[in-house]
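The lines below spell out each chain.
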Amino acid sequence: MTKSYYEFFCPVKIVAGHAALEHIPYELSTLAASRPMIITDKGVRAAGLLEHVQGAFAEGDMEVVEIFDDVPPDSSTTVVETIAELYRERGCDSLIAVGGGSVIDTSKGVNILVSENASRLADFSGVGVLKKPLKPFFVIPTTAGTGSEVTLVAVVNDPVKGVKLPFTSYFLLPNAAILDPRMTLTLPAHITAMTAMDAMTHAVEAFTCMAKNPISDAYAVSAIGKISSNLIPVLNKPDDEAGRLELAQASTMAGIAFSNSMVGLVHSLGHSLGALCHLPHGLCMNLFLPYVLEYNLPQRREAIGELLLPLAGAEIYARTPAAQRADAAISTIRGLRDELHRRCQLPRTLAETGKVNREQLPKLAEMALDDGSILFNPVEVDLDDALAILERAW
Amino acid sequence: MKKPQRLNLSELNLGPVKRPYVVLMLEIIGRGLEAASQVDEKIRREVERLPPGFMFEMRVLPNGPRMVMEKTEQGQLQYLGRQAPRTPDVSLKFKHLTHAFLVFSFQEGTAQAFANDRLLLDGDIGYSMKLVRCLNRMESMILPKFVAQRALKRYPTLSLPEKLLGGSRIYSRLAKNLVWN
Ligand SMILES: [Fe+2]
């Protein structure tokens, strides 16, 4: 299927590999910045990851002016406004986010306030409100999953109104994403698995949903191949630097794919489950992915079939008759899911999470229909369909 | 055997008719939604969940055509015409007149237009999804099946009475609304 029209955009410089962190001072200087502020959370600090970043500044004349290390898992406009105030007080001129989704979204919010010289983040919520480039902004992901280092959106809670404020602008994209294997080396097995399955889902949905296009397809296929061939080896040998870097790259590539091609029903259901039952996002992805692919199969047999190659490798792909490839791709994903359950007790069904009530399914279905990503799912979904999938995933 | 000729809109010079056609279609959609929100149970249930006084617009960038609707105190959608008394809560924006024409002449489905980056959505996502479902439902009821199938991801299984009655009730209501307003 060829797409009649598409757009693709990713201006983020990727700085990846061995001793990547040590490139940061130079990269900042190319953007005329010299007084960076680091934004991170307590977990990153406790894991000793900040020492790698600070170490990169040790030689040379640039120093980290301020470190804010108290971003909560569910960040808010209040946190963003506090950090922006600190940034101004200390005369910083650039931002480095070190962390996962919440830290990155918080930093995007801070960048809006310090660049626009404003104090109320809510004023900038919406699509395309920002009209000019922001301050130099680097992201160092410490999980390999969200892909937020290459996305143009941020979501921040507004505690006053009790709503989640969305921000969408090309100017929110960082100037650079720094992928250094040291930053994900100590990630515990179950988090490694969950976040990798989030990245896997980004790539699979980008490749199978309505906005798929040839360029994001290339990123998606490559990301799926890297995750398939590196996730289990990394779980076997957590300090495998090369494998960790492959997963980090895969996550960024999947992020580039889905920020251009969007995601679908796995995310609609996953966002609802995450919000209602407070389960980690990656876990929700892992749980719904096979069932949604089965649901989309009638419309997307060919595309899902193509994924057998990166999922299972050339030999299995070649041995499988074309008509059976889509089913084989889905059972490969099921196999991976079962393996992750065996190794890190990652739940395979809603019941196995121990946090979902069967009476909540209708509410979950209703919430999923109101999630924006459902728009891009190749097969239409109504309340009964969503409920049927949830029942299957029970 | 010769294949039956199919009308290919891209071969015709439609430049001059695009604007009046889009203006007309926006009015029909506005009036259609207004009528459907009075008679169709599914659409009524969606509108019920929108906040009171909720306002939305569908427009073509940079400055029109445009269609504005509001939820009334009676819980129905009311067509306000081309002017909005305030900034609408949700805005669906076509980037260019041609893109609106593609959608309203059923050459490109609404979801496909979103996927093709031709249609922008500004405002609360949850409310926007309810609106998209209302639009789809209304289209499935008033359009002939072969046209609706091109516009929608899935043509719903409407029972014959649902289609005939629902469709004709929207039509007659549409006619009344057009005459009386
Ligand atoms: Fe995700």
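Summary of the structure given here. Remember, it's a predicted structure, so these values are computed and weren't measured experimentally.

## Looking at the packing of aromatic side chains
Each aromatic ring pair is characterised by the separation of its centres together with the angle its planes make.
No. 1: Per the stated rule, a full pass over the model turns up 6 aromatic pairs over all chains.
No. 2: Measuring from centroid to centroid gives 5.5 Å for Phe94(B) and Phe104(B), while their planes differ by 70 degrees, and the two rings are edge-to-face. In this pair, Phe94(B) sits in strand β4 (residues 90-94) while Phe104(B) sits in helix α3 (residues 97-104), placing the two residues 10 residues apart along the sequence. Accessibility assignment for this pair places Phe94(B) and Phe104(B) in one class, buried.
No. 3: An aromatic cluster is present here, built from Phe54(B), Phe56(B) and Tyr127(B) joined pairwise through their rings.
No. 4: For Lys212(A), the ring lying beneath its charged end belongs to Phe207(A), and the centroid distance is 3.6 Å.

## Section: the interface of chain B and chain A
Buried accessible area, meaning the area lost when the parts come together, often serves as the stated size of an interface.
No. 1: Contact residues are listed per partner, giving 21 residues for chain B and 24 residues for chain A.
No. 2: Contact between chain B and chain A buries roughly 1900 Å² in total, counting both sides, with carbon and sulfur atoms accounting for 49%.
No. 3: On the chain B side of the interface with chain A, the three residues burying the most area are Met129(B), Lys153(B) and Arg154(B), jointly 33% of the side's total.
No. 4: Two residues, Asp385(A) and Arg154(B), come together in a salt bridge whose shortest N-O distance is 2.5 Å.
No. 5: Counting every contact that joins chain B to chain A gives 9 residue pairs in polar contact (both at pLDDT 80 or more).
No. 6: Contributing elements (two or more residues each) for the side of chain B that touches chain A: α4 (110-115), β5 (119-123) and α5 (125-142) of chain B.
No. 7: Sort the elements by how many residues they give to the side of chain B that touches chain A and α5(B) lands first, with 7 residues.
No. 8: Its residues assigned to classes, the side of chain B that touches chain A comprises 7 nonpolar, 4 polar and 10 charged.

## What to know about a positive patch on the surface
No. 1: Taken together, Lys363(A), Lys42(B), Arg45(B) and Arg49(B) make up a surface patch of like positive charges.
No. 2: Looking at the secondary structure, you find Arg45(B) in helix α2 (residues 41-48).
No. 3: A relative accessible area of 41% places Arg45(B) in the partly exposed class.

Conventions and cut-offs
Residues numbered from 1 in each chain as written. Chains lettered and ligands numbered in written order. Predicted model: local features only at pLDDT ≥ 70, side-chain atom pairs only at ≥ 80, totals over all residues. Heavy atoms only, no water. Phe/Tyr/Trp six-rings, centres within 6.5 Å; stacked < 30°, edge-to-face > 60°. Helix = DSSP H or I, 4+ residues; strand = E, 2+ residues; numbered from the N terminus. Buried < 20%, exposed > 50% of the residue type's maximum accessible area, 1.4 Å probe, protein only. Lys NZ or Arg CZ within 6 Å of the ring centre and 35° of its normal. Contact = heavy atoms within 4.5 Å. Buried area = accessible area lost by both parts, 1.4 Å probe. Salt bridge = Lys/Arg side-chain N within 4 Å of Asp/Glu carboxyl O. Polar contact = N/O pair within 3.5 Å; in protein donor to acceptor, adjacent residues only side chain to side chain. Nonpolar A, V, L, I, M, F, W, Y, C, P; charged D, E, K, R; others polar. Patch = residues over 30% accessible without salt bridge, like charges linked within 9 Å, V, L, I, M, F, W, Y side chains within 5 Å. Areas by Shrake-Rupley, 256 points an atom, 1.4 Å probe, with all protein chains shown as cover. Lys, Arg positive; Asp, Glu negative; His and termini not counted. Charge placed at Lys NZ, Arg CZ, Asp CG, Glu CD.

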